[in-house]
Structure formats: C-alpha cells, structure tokens
Amino acid sequence: MAKTPEQVVAEAADRTGRSPDSVLRLLQEVNREFGYVPHEAIRAVSRITGKSAAHVRGVATFYSFLSSKPRGRHIVRLCSTVSCEMKGSSEVLKALEKELGICAGNTTPDGRVTLETTSCLGLCDKSPAMLVNDVPYSGLTPETACEIVRGLR
Amino acid sequence: MKREVLLSPDQPELGSALRRAMEMEPADIAFEVREAKLLGRGGAGFPAGVKWVLAGGASGAKKYVICNADEGEPGTFKDRVLIERYADRLLEGMAIAGYAIGSDEGIIYLRAEYPYLVPVIEEARSRMLSGGLLGKNLFGGRFSFDVEVRMGSGAYVCGEETALLESLEGRRGEPRNKPPYPVNSGYRGCPTIINNVETFITVPHIILNGAEWFRGLGEDGDAGTKLFSISGDVERPGVYELAMGSTIGELLDLAGAVDIQAVQVGGASGRTIRGDQLDRKLSFRDLPPGGSVIVFNGSRNMLEVLRNFSDFFVHESCGQCTPCREGNRQLRLAVGKILEGEFCCRRCLDSFFELASVMKDTSKCGFGQTSANCFVDIVGGFLDLPEDCSRVHEQNPCHEGR
Ligand SMILES: Cc1cc2nc3c(=O)[nH]c(=O)nc-3n(C[C@H](O)[C@H](O)[C@H](O)COP(=O)(O)O)c2cc1C
Ligand code: SF4
Ligand code: FES
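Values in this document were obtained by computation on a predicted structure and should not be read as measured data. (Residues numbered from 1 in each chain as written. Chains lettered and ligands numbered in written order. Predicted model: local features only at pLDDT ≥ 70, side-chain atom pairs only at ≥ 80, totals over all residues. Heavy atoms only, no water.)

1. Details of the pairing of strand S1 (residues 74-79) of chain A
Residue and element names in this part refer to chain A.
Right, so step 1: The element S1 is largely enclosed, with a buried count of 6 among its 6 residues.
Right, so step 2: Burial along S1 is two-sided: the face carrying His-74, Val-76 and Leu-78 and the face carrying Ile-75, Arg-77 and Cys-79 are both buried.
Right, so step 3: Two elements, S1 and strand S3 (residues 113-118), share 6 bridges in a ladder whose sense is parallel. Within S3, the position partnered with Leu-78 by the bridge is Thr-117.
Right, so step 4: Here S1 pairs with strand S4 (residues 130-132) via 3 bridges, running antiparallel. By the bridge assignment for S4, Val-76 is matched with Val-132. (Buried < 20%, exposed > 50% of the residue type's maximum accessible area, 1.4 Å probe, protein only. Helix = DSSP H or I, 4+ residues; strand = E, 2+ residues; numbered from the N terminus. Pairing = 2+ DSSP bridges.)

Structural data, given as structure tokens:
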C-alpha cells in the first residue's frame, strides 16, 4: 500500500532529526516521494518539528522545486534564461507544448509529464538545455527534445 | 592572457597540499591565503584569507566550513565544470580550510538543478575517505574533517551567503541583516566561513606554490587566475581560465566572437558593456568577474535581453524588502512599455533611473542592490531615444501623474 504523507514524514524524520532545522529537508523528502507537498504533509512536518503550519507552508512555497500541486510522474524543466533563449529555447518550448498538448506550468491529463520553464540551469555552454527529473539534456533542438519527452513512460 | 592552474593538465598529487598544510600552524595557513590576495571567486570579491583569519580567531568550540555551490547566476557554469572534474580537489580545499580555522565539519550547499553532481561528489568523498584524506585523525594527528552535501530547492537568492544559511537551517531563503557576519555567527550561530567552489579549489595550489607565486599569476596588480563561463554568440562556448586582470577582448578571442554588440560580465546583475569597450579588464577593480560572460552579436535586440533578465529578477526576488520586490516589478513594467513604444524620450525614463538608484542604495542584500544594473546599462547605453522629444510633455500620456 502506498505510504501516507504522515508516514513519509515520520520515516524521514528518523534521518533528518526533528528539530526546526529539519523543516526544509522533510519537505524535500515529501516532494521527492509524492512529486508535491500535500496539505497533510505540512501538518505532519509542523507537528514533528514544533513549528507552526504557517511557518512550514511559508518554507514550502518559497522554493520553486517544491510544488503545492500534484504533478506528473516526470518533470521536464526547460531553461528560459538568456543564453538558452538566444539558442532557440522558445522554439523548443513551442514544440514540447505541442507534443504534450499542454502549456508550460501544466501536467498532461494522464499524469505522465509536467512541463515547466526554469531559470538558468548552468548548462549554457550547451544551450538550449533542460532537466528531466534528475538528468540534464543539452544542445536541444525541437526534434530531439520531443523525442526525449516521448520516451518518458 | 590564457594561464591555466586550476584547469592545468598537469595537476599536483591529491592530498599533497593537505599534507603540506598540516605541517604548518593553522593560523599560518590563513595568513598565507591572505598574503596571496585571493579574492572570493563567487562574485563579491572579499579576501578569502581575511575571512579565514577572522573565523580562526572567533571564539566557539564548533565551527563550520561551507562551500557555496548554488551557482545560479544566469550564464555561469564554471562551478559545475569544476565539480565534474575536480570534486576531490574541492574537498581537499575545504579540509585545508577546516584545519586553518579549527573546524571538523564541512557542508556543500548544492543547487537543486545539479542533482547529477551528488554521486560525483560522493565518489570523490569515498576516495578521499579511503585514502585517509578525509575522516578521523588525518595523517595520525588530532585533526578530523568530513563533508556533507545538502541540496537547495530552486531559489537563486540562496546563493547569497546568509540566505544560504537560512536555507540550511530549514527556513525560507531570506537574507539576514549583517552584522553579525557569518565568521562570528553563521550556521547555527557558530563561526562559519562560506566560500565559492572555485575559491576552495584554488587554495591547494596556493599552499603548494606559495602566496608570492599566486600574486604573480595576475596582471596589473591582480592576483591569480580566474575561470570564466562564456556563452551566447561565440563559436566556442565553455569555461576558460585567464590571468586575473586580462581584458574582455583576450577572452573573446579565445572563445571566438565576431560582430559584437554587447558583452555582459558578471551575470544578470553584472555590467553590460558595448562592443567597442573590449579593452575593459576582468578584475575586481574594473568589471567584477563573477564568472559569467554572455556575448550578444549585432542581430540581438538588447531590450528583449533586458526583458528576459527583468523576468528573472521579478521571479527570483525573495520579496523581503520593498525596494527590490516592487522596484524590480516597476522596472519590468517599464521595459514592457519601452518595447511597446510608449516612451518617447529619455526624459520619460528619468523616474526609472531614480528608482534604480533607490534600489541600489536601500535594498537589503546584494540582489536588490545590483538587479537594476542591467536596466541602467542597457537602457542607458543601447536604447536609441532622443534626449527630450519635441512634444509638449504636459500633454504626453507617459508624463501623467508626475
Ligand atoms: C543574490 C546573490 C546570489 C549569490 N549567488 C552566489 C552563488 O551562486 N555562488 C557563490 O559562490 N556566491 C554567490 N553569492 C555571493 C555570496 O553571498 C558570497 O559572497 C560568496 O559565497 C562568498 O564566497 P567567496 O568569497 O569565495 O566568493 C551571491 C550573492 C548574492 C547577493
Ligand atoms: S534585496 Fe531582494 S533578495 Fe535581497 S532581501 Fe531584499 S527582497 Fe530579498
Ligand atoms: S541560460 Fe539556459 S542553462 Fe544557462
């Protein structure tokens, strides 16, 4: 059976500790497990660290890699900063939006892929670049980007 | 001038610098780094040795060595390349710092966008542990040191050192007031040094070759060499190592650039110069070289470039203080209006230049203090508008409310 947010938080707390210092790390673990930070997890982190739910939510909403909405099984982050834009990231974005049938910031209806744009990924020597989950891809063209995304199950 | 030390194919044996350092008195290492005039490679250019001397002298049983691997400045990727190639040298540099200030614990704060570097660092750490270069009682002495990797979660401002500390302590990455400075009260209130990846990787070379050698590497009174990430309209984008104080032109020759309209040095918050200023120097006294150099050829619309950077600043401001949070929004709106042709002359833009100077003077951290730079440079230097238009300004819509 799938773990509940409370279980994930409790197990993670055994590794990170239960002090207020652990709030972000607990949220990172929750986000990794569920792809987002569900409301129940906010309350669980609050209980376990002794910080208010408002504080925990404040942390969760600060960081762009933590999501408050459910997301797809795969997360595609395409860089939209200058060096990539100069090398055609807008065309890559258009192609990906067409391929997936969604606009950036959304998830395919089948829950397969979330498409986002992001700030510089530190791969500008090989622009345009994107991060698919934890894997970097660079030197993209609309075709190669779509091919990579098509391969995600 | 191209001059390779960090990227030299001829690398000293791993651990030899740590061994040499541990034959010295801890305070002497900090003095050596100070004498070398090694200025922090993360952008601000604070003398690393001064930081180390202060942290070494600060009272506290527990001290921390933190590596800033948050590299979020648009156009910067040198730290990624350094970690890919020299993660072990980074750990060695951190261990030397630990010995110098009396710390047994290092932390690498790695940006969320670099998850694939975690295994690279962990492998280097394992090698160092089994080689006796990290861990307990190094070289049979009393000094122990180990390093942990902690991840960011996608917030550019966390590269600011006190925001980084907030983030490590599990909170929103909002910069702190200074003082107190991290060297006295940093991570968990303990004396802490925070240095850039490149700064730490440079240290073993200084320990092995001496402060004087290092100072001699630079041009015109600048010390050492520096890595530059160059991207945009160049034939060979990548990381280049040059003597500090080299000119922009020398770097562009290496990377291959033609028809240069503009060069941005130091990232979005750095300075943007025109293509006829290539004799400007990459030096903390002229163009502070964070690491990023982006080249724009004649076909680029610099206002579109500015729009892209303005979006970045609006998105990444932590929102804690008004001049930065609201100022960046206003500048972004102004850029949109310039693009739509709503402003007829420079006089129309006066109030935005004033806003830019308010942001510089009154923002709480370096983010807000520098984020108007590209507006000032690009609108000031690249926009073709008459000084004052012939229209009667009182009747001009862009002067409403003045
Ligand atoms: C908004 C902002 C972002 C920063 N980002 C980074 C960064 O990504 N990496 C870095 O090393 N320093 C960054 N800095 C500079 C740090 O605050 C700090 O000066 C640096 O880590 C000190 O190390 P150094 O002296 O070795 O450069 C940033 C500063 C500001 C204001
Ligand atoms: S200047 Fe900007 S980033 Fe810095 S504290 Fe103020 S709002 Fe936050
Ligand atoms: S601008 Fe896209 S990776 Fe840097």
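After that view of the structure, there is still more to cover.
2. Here's the deal with the pattern of salt bridges
Residue and element names in this part refer to chain A.
Right, so step 1: One pass over the structure, following the stated rule, counts 37 salt bridges over all chains.
Right, so step 2: The closest approach of N and O atoms between Arg-150 and Glu-99, which form a salt bridge, is 3.1 Å. Of the two residues, Arg-150 is situated in helix H7 (residues 142-150) and Glu-99 in helix H6 (residues 89-100); the sequence distance between them amounts to 51 residues.
Right, so step 3: Taking relative accessible area as the criterion, Arg-150 reaches 44% and is therefore assigned partly exposed.
Right, so step 4: A residue is classified by how much of its surface remains accessible, and Glu-99, at 30% relative accessible area, is partly exposed. (Salt bridge = Lys/Arg side-chain N within 4 Å of Asp/Glu carboxyl O.)

3. Notes on the interface of chain B and chain A
Right, so step 1: Each side of the interface is counted separately: chain B has 48 residues, and chain A has 33 residues.
Right, so step 2: For the pairing of chain B and chain A, the buried interface totals around 3100 Å² over both sides, and the portion due to carbon and sulfur atoms is 54%.
Right, so step 3: Three residues, Ser153(B), Arg172(B) and Asn308(B), lead the burial of chain B against chain A; their summed loss comes to 19% of the area buried on that side.
Right, so step 4: Where chain B touches chain A, the interface holds 2 salt bridges.
Right, so step 5: When the shortest N-O distance is used, the salt bridge between Arg80(B) and Asp125(A) registers 3.2 Å.
Right, so step 6: Taken together, the elements giving at least two residues each to the side of chain B that touches chain A come down to strand S3 (146-151), helix H6 (161-168), strand S5 (225-232), strand S9 (292-297) and helix H10 (302-316) of chain B.
Right, so step 7: Sorting elements by how many residues they give to the side of chain B that touches chain A places H10(B) first, with 6 residues.
Right, so step 8: Residue composition of the side of chain B that touches chain A, by class: 21 nonpolar, 13 polar and 14 charged. (Contact = heavy atoms within 4.5 Å. Buried area = accessible area lost by both parts, 1.4 Å probe. Nonpolar A, V, L, I, M, F, W, Y, C, P; charged D, E, K, R; others polar.)

4. Some points on the state of the cysteines
Residue and element names in this part refer to chain B.
Right, so step 1: Across all of its chains, the model carries 0 disulfides over all chains by this definition.
Right, so step 2: With no disulfide of its own, Cys-158 lies closest to Cys-318 among cysteine sulfurs, the gap being 9.0 Å.
Right, so step 3: A relative accessible area of 0% means that Cys-158 is categorised as buried. (Disulfide = S-S within 2.5 Å.)

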